[in-house]
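# Architecture at a glance
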Amino acid sequence: MNTTNRPRPRAILRVHFHPAERTEELYGQLLAVTDGISYRVEPLPADWSAYVDLTGALTYWGYDVEGLVAVLRLRLLALHGVQCSAGAGPTRSIAAMAADVTPPGAATVVGDDPYEIASFLRPRPTAALPGIGPKTAKTLARYGITSVGDIADTRLSTLQRILGTTAARQAHDRARGLDDRPVVSGAAPKSLSAAHRFDRDELDPERHHSTVLGLVQEIGGRLRANGEIAQALTLTVAYADRTQTSRTRALAEATAHSPALAACARDLLTGLGLQRARVRALTLRAERLRPAEETVHQLTLDNRDDKLRRLETALDKAATRYRPGIAGTASTFPRAGLRRMAAVPGHTW
């Protein structure tokens with residue numbers, strides 16, 4: 001049999017960086033090391049990771065997937081002292097799932113053999129499949145679908161009645177190891193993030209809500225201090241079993257205004273359905289930053305928003321003059337309104 005023209009199996013890597021301290025400069029340096037292995041690198045700054053297409057690089061370096069991943073891990077550690085966890089497979093979704101179950105300093109490689117792919121995918125819980133969050137996993141569980149193998153074995157028409165046409169087809173394909181999404185090379189877009197790690201696994205939705213509120217305040221203050229505005233927010237939830245879920249939502253208009261950021265963050269949090277999830281950490285990231293002078297603010301007849309913006313400016317000045325947090329919460333979530341303004345030294349509201 002002539003195999004000369006047979007397409008080469010893809011080798012996709014998902015690598016998570018685990019530095020002691022996170023800075024945008026360091027992330028760029030880690031991407032540069034990764035780019036030295038393969039030029040096809042897709043940055044994912046929201047959770048300090050990247051996708052790498054190793055398919056062509058294997059021939060160039062003369063290594064198999066395990067060997068080339070080992071070279072990358074060694075370079076990251078030698079040049080920057082940074083451990084990484086890596087997962088590799090023939091598709092993006094398999095690589096992501098492999099990385100999620102891999103501790104720092106190790107790698108998990110899933111080959112392109114159909115039996116090996118099925119052996120890796122089928123025992124995983126439904127929530128481990130990219131695109132299936134805790135809320136969707138609970139919905140599937142009500143129908144007795146609790147593993148990736150169950151999704152693969154369920155008729156597509158049945159899944160479509162449960163999840164909808166698009167989501168069902170995506171889940172069904174990925175559960176069977178089908179995912180033709182490419183690695184899209186590009187520079188990391190400018191962004192900034194704030195994170196909170198709980199002392200213990202946190203199940204209380206009110207704690208989740210208040211923590212996201214605090215992250216919004218931090219990000220909003222930093223954006224305004226830097227003279228920048230964000231076009232989107234990404235909320236990443238890390239669970240007790242070391243899996244993660246990320247959701248991104250575009251803002252109605254690019255802004256650094258905390259109530260607008262908070263409304264978006266609240267929608268992201270609600271959409272994840274974390275009512276009984278064991279949450280280990282929450283990370284909020286402002287994406288696609290632009291200079292603040294490019295702000296286009298839609299005018300309204302309601303002067304409440306203008307009052308909030310003037311108040312926000314005053315609170316930022318107070319935080320700069322005294323210390324961050326001196327002003328407390330200042331109506332970050334829209335539902336709080338002006339009633340949650342805290343006293344600021346030297347000002348009366």
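Here, the structure is the one placed above.
Residues numbered from 1 in each chain as written. Predicted model: local features only at pLDDT ≥ 70, side-chain atom pairs only at ≥ 80, totals over all residues. Heavy atoms only, no water.

## Considering the environment of Gly36
Put simply, the rule reads: A helix here means a DSSP run of H or I that spans at least four residues, while a strand means a run of E at least two residues long, and both kinds are numbered starting from the N terminus. Contacts are assigned to residue pairs with any non-hydrogen atoms lying within 4.5 Å of each other.
Mapped onto the secondary structure, Gly36 falls in the loop between helix H1 (24-35) and strand S2 (41-44). Here the alpha-carbon distance between Gly36 and Arg75, two residues 39 residues apart in the chain, equals 9.7 Å. Once you skip the residues sitting within four places of it in the chain, Gly36 turns out to touch Trp61 and Arg75.

## Some remarks on the layout of surface pockets
Let me state the cut-off plainly: In the cavity and pocket records, a cavity denotes points on a 1 Å grid over the protein atoms alone where a 1.4 Å probe fits but cannot get out, a pocket denotes an open set with protein on both sides within 12 Å along at least 5 of 7 lines, and lining residues are residues with an atom within 4 Å of a point. Grid points are joined across faces, edges and corners, and a volume is the space filled by probe spheres set on the points. In this classification, Asp, Glu, Lys and Arg are treated as charged, Ala, Val, Leu, Ile, Met, Phe, Trp, Tyr, Cys and Pro as nonpolar, and every other residue, Gly included, as polar.
As a volume, the largest pocket reaches approximately 810 Å³. In terms of lining, the largest pocket is formed by 35 residues, of which the most central are Arg14, Leu44, Asp47, Tyr51 and Ser246. The set of elements that each furnish at least two residues to the lining of the largest pocket consists of strand S1 (12-18), S2, helix H4 (92-100) and strand S8 (244-255). At five residues, S8 tops the list of elements feeding residues into the lining of the largest pocket. The residue makeup of the lining of the largest pocket, split by class, is 15 nonpolar, nine polar and 11 charged.

## Let's talk about the sheet that holds S2
To keep it simple, the criterion reads: Strands are labelled as partners when DSSP assigns at least two bridges between them. Angles shown run from 0 to 180 degrees and are taken between the N-to-C directions of axes, each axis being a line fitted to C-alpha atoms and, for helices, limited to the stretch in contact.
The five strands lie next to each other as S2-S3-S1-S4-S5, forming an open sheet whose pairing is mixed. Among the strands making up the open sheet, the edge pair consists of S2 and strand S5 (107-109). Within the sheet, the average angular offset between the axes of one strand and its neighbour, ignoring direction, is 15 degrees. Pairing between strand S4 (residues 83-89) and S5: three bridges, direction parallel. If you follow Gly87 over to S5, its bridge partner there is Thr108. Docked against the sheet, H1 engages S1, S2 and strand S3 (49-53), running at close to 160 degrees with respect to S2.

## Observations regarding the pairing of S1
The condition that has to hold: When accessible area is computed with a 1.4 Å probe and restricted to protein chains, residues below 20% of their type maximum are described as buried, those above 50% as exposed, and intermediate ones as partly exposed.
Summarising burial for S1: six of the seven residues are buried, a large majority. Both S1 and S3 contribute to a ladder of five bridges, which runs antiparallel. Residue pairing for S3: Arg14 is matched across the bridge by Tyr51. Across seven bridges, S1 lies against S4 in antiparallel orientation. Bridge pairing in S4 links His16 to Ser85.

## Some words on the packing of aromatic side chains
Any two aromatic rings considered together are summarised by their centre-to-centre distance and by the angle between their planes. Where we set the bar: Any two rings among Phe, Tyr and Trp, with Trp reduced to its six-membered ring, count as a pair given centres within 6.5 Å; such a pair is stacked if its planes are under 30 degrees apart, edge-to-face if over 60, and tilted if neither.
All chains considered together, the criterion is met by three aromatic pairs. Relative to Tyr27, the ring of Phe17 has its centre 6.2 Å away and its plane inclined at 75 degrees; by these criteria the two rings are edge-to-face. A residue pair is termed long-range when its members are at least 10 positions apart, and Phe17 in strand S1 and Tyr27 in helix H1 qualify at 10 residues. Taken individually, Phe17 and Tyr27 each receive the classification buried, so the pair is uniform in this respect.

## Topic: the pairing of strand S7 (residues 228-239)
With respect to burial, S7 is a largely interior element, 11 of its 12 residues being buried. As judged from the two bridges shared by S7 and strand S10 (residues 290-291), these two strands associate in the antiparallel manner. Residue pairing across strands places Ile229 opposite Arg290, the latter belonging to S10. Following S7, the chain reverses through four residues before pairing antiparallel with S8; Arg242 in that reversal takes a positive phi of roughly 75 degrees. When S7 meets strand S9 (residues 279-287), the two strands line up antiparallel, connected through eight bridges. Its bridge partner being in S9, Val237 is matched across the sheet by Leu282.

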